[in-house]
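Results of the structural survey
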Amino acid sequence: MTRTHFSASDAPVNSATSGNRRELRRLLRARRRALSPTAQASASAGLLRQLQLQPWFNSAKRIALYWPSDGEIDPRPVAARAWQHHKRCYLPVLHPWLKRRLWFTPFARRTRFAPNRFGIPEPIGPVRAPLNNRHLDVVLLPLVGFDRTGGRLGMGGGFYDTTFAAKRRGKGFKRPRLVGVAHSCQEVDALELACWDVPLDGIATEREYIAIR
């Protein structure tokens, strides 16, 4: 079956005609899943190039990424380059007892995985105390949709919003830097932030880095 390749020139979705958030989420997930393997690999390489242009990325020592699924842009080349520069990488793991919370566990070349309840691979191995979120320098979090002012659409579970709720309150929150990551074809004309949405510091695609504040 031939898969559609959405090019970087595709116009952003007009949110005024996209229906509700559920329908918009369905449309944008279909867009990223339709990208060919070649387009996915190119996008992943482009994401790495964009991040390497950012001083905050080059100075970061502890970087949290995610394991890609459902057509998400793949940040694993970012991890490979980070390891070359002696940076530490982490992956989110569902918290064993706190609802809609993540903790972050080390991610290395020899890390072993098992699927979590959503079917997404998670690191397995000796039980370790969770890394305090404030010890991370950068968190790359996957987006379903985004606009150029920082509006964003996730999968709807609220895990990152709950985990980093302190950033929404804004008092004394200095780190980590939260950077949304997506394919450029997931851009939306406008997205209204919900009251629970944690604000982003920026958005990275294969084409550009958009600083939010």
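The sections below set out a description of the structure shown in this document. As the structure is a computational prediction, the values presented were derived from the model and not from experiment. Along each chain, residue indices are assigned from 1 in the same order as the chain's sequence is written. The predicted nature of this model means local features are confined to residues of pLDDT at least 70 and side-chain atom pairs, given and counted, to a pLDDT of 80 or more, with totals for whole chains, interfaces and linings taken over all residues. Side-chain measures here rest on the full set of heavy atoms in the structure, leaving out hydrogens and waters.

**Description of the overall build of the chain**
Within the chain, the secondary structure is distributed over six helices and eleven strands. Categorising residues by exposure relies on relative accessible area from a 1.4 Å probe, with only protein chains included: less than 20% of the type maximum marks a residue as buried, more than 50% marks it as exposed, and the intermediate range marks it as partly exposed. Residue burial in the chain is summarised as follows: out of 213 residues, 49% are buried. A sequence separation of at least 24 residues applies to 69% of the contacts in the chain between residues at least 6 apart. Only DSSP runs of H or I covering at least 4 residues are called helices, and only runs of E covering at least 2 are called strands; the numbering of each starts at the N terminus. It only takes one pair of heavy atoms within 4.5 Å for two residues to be counted as in contact.

**Here's the deal with helix α4 (residues 76-84)**
Taken together, the buried positions of α4 are Val78, Ala79, Ala82 and Trp83. The buried residues of α4 occupy one face: seen down the axis, they fall within an arc of 135°. Where α4 ends, the next residue or the one after it, His86, has phi of about 60°, a positive value. Working note: the arc is built from the helix axis to C-beta atom directions.

**Quick word on the sheet that holds strand β2 (residues 88-94)**
Read across the sheet, seven strands follow the order β3-β2-β1-β6-β9-β10-β11 without closing on themselves; strand pairing throughout is mixed. Where the open sheet ends on each side, the last strands, each with one partner, are β3 (102-107) and β11 (209-211). Across the sheet, the mean angle from the axis of one strand to that of its neighbour is 25°, orientation sign disregarded. As judged from the three bridges shared by strand β9 (residues 177-181) and strand β10 (residues 202-204), these two strands associate in the parallel manner. The residue of β10 that forms the bridge with Gly180 is Ile203. Whenever a helix is involved, its axis is fitted only over the stretch in contact; in every case the axis is a line through C-alpha atoms, and angles between N-to-C directions fall within 0 to 180 degrees. Sheet contacts for α4: β1 (62-64), β2, β3 and β6 (138-142); angle to β2, the most-contacted strand, approximately 140°. Strand pairing is assigned whenever DSSP detects at least two bridges linking the two strands.

Purely geometric stuff here, so don't read any function into it on its own.
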